[in-house]
Amino acid sequence: MVTISDSSTRTRVLITGGSGYLGQFLIAALRQHHSVAYTYHNNAITAQPVDAEPFKVDIATGQGLQAAVLQFKPQVVVNCAALSQPAACERDYEACRTLNVPSKLVDALEQLQQSTTTEALLIHISTDQVSSQLLV
């Protein structure tokens, strides 16, 4: 892998759910070679020095998402945001669907493409452990 030191030529990667377990590992792995930003819902990462720009976002409602996408202009988005507790998903299917089917994120990326011609690659991470109802 080639190390790029000029931040203007680094790939801009947005990690949604970046303050979660998987997201924090991705930030650590990607920040050395890419410009990284992440979204968080309740708490930004404070446990360690983080070379990543935080954005407070509510994935379910989309609040803050459009601003984050238009400000950071990601070339790649890794969606790690999810409601990942099967029992919670079984209790509240609609909340599960709202978080785990990222329609607000797709809308924000479409707006980015229309306003800047930047077509971001979306990588969606999911699991069949969340809710079998989502697979229907």
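Note that the coordinates shown come from a computational prediction; the quantities given were computed from them, not determined experimentally.

Novice: Explain the sheet that holds strand β4 (residues 76-79) to me, using residue names and the numbers behind them.
Specialist: The 5 strands lie next to each other as β3-β2-β1-β4-β5, forming an open sheet whose pairing is parallel. The sheet terminates laterally at β3 (53-56) and β5 (121-124), the two strands that pair on one side only. Direction aside, neighbouring strands of the sheet carry axes that sit 20° apart on average. When strand β1 (residues 12-16) meets strand β2 (residues 35-40), the two strands line up parallel, connected through 4 bridges. The partner of Ile 15 across the bridge, within β2, is Tyr 38.

Novice: Mind laying out a nonpolar patch on the surface, listing which residues take part and the relevant values?
Specialist: Among the surface-exposed residues, Tyr 21, Leu 22, Phe 25, Leu 121, Ile 123 and Ile 125 lie close enough to one another that they form a single nonpolar patch of about 620 Å² accessible area. When residues of the nonpolar patch are traced back to their parent elements, those giving at least two are α1 (21-30) and β5. Considering every element that reaches the nonpolar patch, the biggest residue donor is α1, with 3 residues. Looking at where Phe 25 falls in the secondary structure, it is placed in helix α1. For Phe 25, a relative accessible area of 52% corresponds to the exposed category.

Thresholds applied
Residues numbered from 1 in each chain as written. Predicted model: local features only at pLDDT ≥ 70, side-chain atom pairs only at ≥ 80, totals over all residues. Heavy atoms only, no water. Pairing = 2+ DSSP bridges. Helix = DSSP H or I, 4+ residues; strand = E, 2+ residues; numbered from the N terminus. Axes fitted to C-alpha atoms, helices over the stretch in contact; angles between N-to-C directions. Patch = residues over 30% accessible without salt bridge, like charges linked within 9 Å, V, L, I, M, F, W, Y side chains within 5 Å. Areas by Shrake-Rupley, 256 points an atom, 1.4 Å probe, with all protein chains shown as cover. Salt bridge = Lys/Arg side-chain N within 4 Å of Asp/Glu carboxyl O. Buried < 20%, exposed > 50% of the residue type's maximum accessible area, 1.4 Å probe, protein only.

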